[in-house]
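Observations on the three-dimensional arrangement
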Amino acid sequence: MGGTSSKPVEQAGVAGRSRAITGGGGGQKGKQGLHKLPADTVKAHPEDYEVLEAALAKLLIFNRLDPQLQRRIVQEMYERKVGAGEILMKEGDTGLAASELFVVKSGKFEVLQRRQGQNVRVNMKERCDCFGEISLMYDSPRSATVAATTDAVVWVLDRAVFRYFVREIQETQVSQIELFLNSVPILSPLTKEERMRIVDALEEATYPAGTKVIVEGEGGDLFYIIKDGEAIVYVDTPQGQRKVNHLFKADFFGERALLSAEPRMATVEAYTKLVCLTLRRDTFTEILGPLEKLMTREKSPQVVAQKMAKLQPRGSHVHRPLAEVLIKRRKKGRQGDTWELVRARGHLDEVQELRKGGTKLVELDGQTKDANTLVLTEGPVLGGGAFSRVSIVAEESTGRTYALKRMRKSAVVQCPEHVYCEQAITKNVAHPFCIRQYASFQDKYHLYFLFDLMPGGDLMDVLVAEASVIKHRVPQGGWQVGCLAPKVKMLQGMSEDLARFYIASIVLTLDYLHINHIVYRDLKPENVFIDSQGFTKLGDFGFAKVLENGNRTYTFCGTPGYVAPENVLAHGYNYSVDWWGLGVLMYVLLTGRQPFSTPKTEDPMVVMRRIVDENYQIKYPPYLSPQAKDLIARLLERKPAKRIGMLNGRAHDVMNHKWFEGLNWAELEARRVTPPRKPKDSDSAKRLKELVDVERKTGGKVPKESAEELQDCEMVFADF
Ligand code: ADP
Ligand code: MG
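As the structure is a computational prediction, the values presented were derived from the model and not from experiment. (Residues numbered from 1 in each chain as written. Chains lettered and ligands numbered in written order. Predicted model: local features only at pLDDT ≥ 70, side-chain atom pairs only at ≥ 80, totals over all residues. Heavy atoms only, no water.)

What to know about the site of ligand 1
Let me state the cut-off plainly: If even one non-hydrogen atom of a residue comes within 4 Å of a molecule or strand, that residue is called near it. Two N or O atoms count as a polar contact when they lie within 3.5 Å, although within protein this holds only if one can serve as hydrogen donor and the other as acceptor, and sequence-adjacent residues are included solely when both atoms are side-chain atoms. Numbering of helices and strands runs from the N terminus, with a helix taken as a DSSP run of H or I at least four residues long and a strand as a DSSP run of E at least two residues long. Each residue gets one label: Ala, Val, Leu, Ile, Met, Phe, Trp, Tyr, Cys and Pro are nonpolar, Asp, Glu, Lys and Arg are charged, and the others, such as Gly, are polar. Per the annotation, domain bounds derive from an automatic or database assignment of domains.
Close contacts around ligand 1 come from 20 residues, with Ser-388, Lys-405, Asp-452, Glu-526 and Asp-540 the closest. Residue Ser-388 places a side-chain N or O atom 2.6 Å away from an oxygen atom belonging to ligand 1. The separation between an oxygen atom of ligand 1 and a polar side-chain atom of Asn-527 is 3.1 Å. Of all elements in the fold, only strand E23 (373-384), strand E24 (388-395) and strand E25 (401-408) reach the threshold of two or more residues within the shell around ligand 1. Among the elements that take part in the shell around ligand 1, E23 stands out by supplying three residues, more than any other. In terms of residue class, the shell around ligand 1 is built from nine nonpolar, five polar and six charged. For the shell around ligand 1, the domains that each give at least three residues are domain 1 (10-25 + 457-683) and domain 4 (317-453).

Let's talk about the pairing of strand E6 (residues 109-115)
How we decide: Should DSSP find at least two bridges between two strands, the strands are taken to pair.
Of the strand pairs in this sheet, E6 and strand E9 (residues 145-148) are connected by four bridges, and their pairing is antiparallel. Opposite Leu-112, over in E9, you have Thr-145 as the bridge partner. Across seven bridges, E6 lies against strand E7 (residues 118-125) in antiparallel orientation. Opposite Glu-110, over in E7, you have Met-124 as the bridge partner.

A word on helix H15 (residues 576-591)
Definition in use: Expected span, for any helix, means 1.5 Å times one less than how many residues it has. Classification of residues uses two cut-offs on accessible area relative to the type maximum, computed with a 1.4 Å probe and protein chains only: under 20% is buried, over 50% is exposed, and between them is partly exposed.
Over its 16 residues, H15 runs 23 Å from end to end, which matches the ideal 22 Å to within 8%, given 1.5 Å per residue. Summarising burial for H15: 16 of the 16 residues are buried, a large majority. Phi for Gly-592, located one or two positions after H15, is positive at around 75°.

Focus on the environment of Glu-363
Mapped onto the fold, Glu-363 is located in strand E21 (residues 363-364). Counting along the chain gives 12 residues from Glu-363 to Val-375, while the straight-line C-alpha distance between them is 9.1 Å.

Some points on the coordination of the magnesium ion (ligand 2)
What counts, and what does not: Each metal's donors are the N, O and S atoms found within 2.8 Å of it, except that Na, K and Ca use a 3.2 Å limit; water is left out, so coordination can look incomplete.
The protein atoms that coordinate the magnesium ion (ligand 2) are Asn-527 (OD1) and Asp-540 (OD), at distances spanning 2.2 to 2.3 Å. Here the residue Asn-527 occupies a position in the loop between strand E30 (518-519) and strand E31 (528-530), and Asp-540 occupies one in the loop between strand E32 (536-538) and strand E33 (545-546), the gap between them amounting to 13 residues. Classification of Asn-527 as buried rests on a relative accessible area of 4%. A residue is classified by how much of its surface remains accessible, and Asp-540, at 23% relative accessible area, is partly exposed.

Describing the confidence of the model for the chain
Close reading of the predicted structure is inappropriate where its pLDDT is low. Convention followed: Residue-level confidence of the predictor is summarised by pLDDT, bounded by 0 at the bottom and 100 at the top. Contacts were defined at the residue level, with two residues in contact if any of their heavy atoms lie within 4.5 Å.
The predicted model of the chain averages 86 in pLDDT, with 90% of residues at 70 or higher. The lowest-confidence element of the chain is strand E1 (residues 3-8), averaging 33 in pLDDT; the highest-confidence one is helix H17 (residues 626-635), averaging 98. Low pLDDT, under 50, characterises residues 1-12; the stretch is placed with 31 contacts to residues that sit more than four places away or in other chains. Low pLDDT, under 50, characterises residues 25-30; the stretch is placed with 11 contacts to residues that sit more than four places away or in other chains.

In structure tokens:
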């Protein structure tokens, strides 16, 4: 066995760059996001509910929901008449025009897609067919045109409505279970956060009436909470069985099993059909450690307070004095280059800090600028993402260089909370493997961040440079062994040693973020940057969020191939999504492909269906070491409560995994090791050339915002 390496592959061979997405406002708390329907709207008829539920059961995001919740959502659907020949949705439409899912009530529709300038019919839809599933998750352009071929009626479901109810009901359920747990005395030493982790680990079990759920004298390792139904408690006495209690919803039993396997002290029998939430002792121990240890531990409020203080956004809610920021931008013209001056407003404290130690005189239009004005000269482009453009800038008085990230206000105004989170978090994180933000400012059209400059490109650049096609002997089973097996060409990512260095660095980063209650939510190679020495820094905190103790978040966001099942299913989630993301990232670095992308597909919905489908088996190329495979599989565990990183040892369980054997974590975190790979200029050269070419083609053309839009932006970003 073993591979022979051949020439490196093009980026196209490697899993391409991926765009980040967000479900945005739809998941907001409160009903404000829901727009009012006209008074004459016809809601779905109660006699149609079952038909609708059956039709929607085909959708992954719907069929995993609680039946009660499914009914609640169906009740919110309404009818829309579509005349023969009318277009219901148009290929390429975005925004509001792409925020609804349809189920056909009557009539027929044709599905058309543009192929070489022609509309081609690719499908027909009739009663009970659905289309637009992905619109329930995020704002994705319509992938086809759908037109009625007869007079027709559809039922409509709006993303904002859908996500509002999913969230509301999940939250009610979670807080209900939390209340149940609060009443269990044996669990009283748990913090709120620990209780939330238990909520995630509970499993539902149903018992027919008459079942003996636990039996006096037998050992047991399950704890039960009654979700629905009634139960009777008996004890054996010399006079026979004696009823000692009758249990109802929210009552619990068998709690001593969480401590030890000592014999049950009573028998509990289902009096009606009984639905219980159960928890095993070993699951409990895996997640929180032995209960008896929790019962004796000392809580240290100081430690908690210290952690919290570290991350309080500095100066928020306090008026911050403003300062002038001037950006000199080179404009290419027919008669050579000219300089354009962009005026922006920033924060005085940041500007003064940046100019500290600066000795060069800063002159502009014959005027000398004092320490309260920041002048930046823009240089070459470094990259661009779904929402941004990043370039090198030099600060005039010190000559120091930074990365300047620029976002168009109108592009992010729908979800300003993401930008505000990015601002607060990158300002306050202090870890050797996290990008630092030095300042933020804005002009009429843009928001800006000034970051550490990362000249080594990102991990996707490294992957493209390191990936290769190898020939590998694959034993086909049977009599073919060893060297007799045929050689098969396959794509290989970077070496395990190199990937180990990067993944280990990210493990340290995630641990730091999670300890500080930050969930990152967009782990992928494009967001891990390489500094001049070859160390990583995590950047792009556009989706990061601070979670209060044990809280969950519901917004769908991330990048399609990288999102965790609990994120796709809108179940509410927290730090677990980052460990999942790490699993995907590790797979991508080692194989050059995404784990849920085979068989090949361009459809994000297909990928997300595989992510939540327990029957979808991830394929591991034969060259992966067993340790690497094992770690990936533990990270890509679909149940968040059982995922490595979420268990009792948290990040330490990951650090102690065999794949990292021999790694000196303290030395790595102190940056006292030599990075295995020095960045090369060529790493990102091709990508940057393409980026510049694209910009040249589009001529830097940007949509002009209306006065109204600009006013909106001004208001929304007043505190930026
Ligand atoms: P988005 O939120 O739009 O994805 P990112 O912050 O990820 O924006 O930046 C987009 C790209 O710009 C990155 O993938 C990277 O190639 C480049 N980039 C971003 N920040 C830096 C930086 N500090 N130094 C060097 N390159 C950067
Ligand atoms: Mg990015």
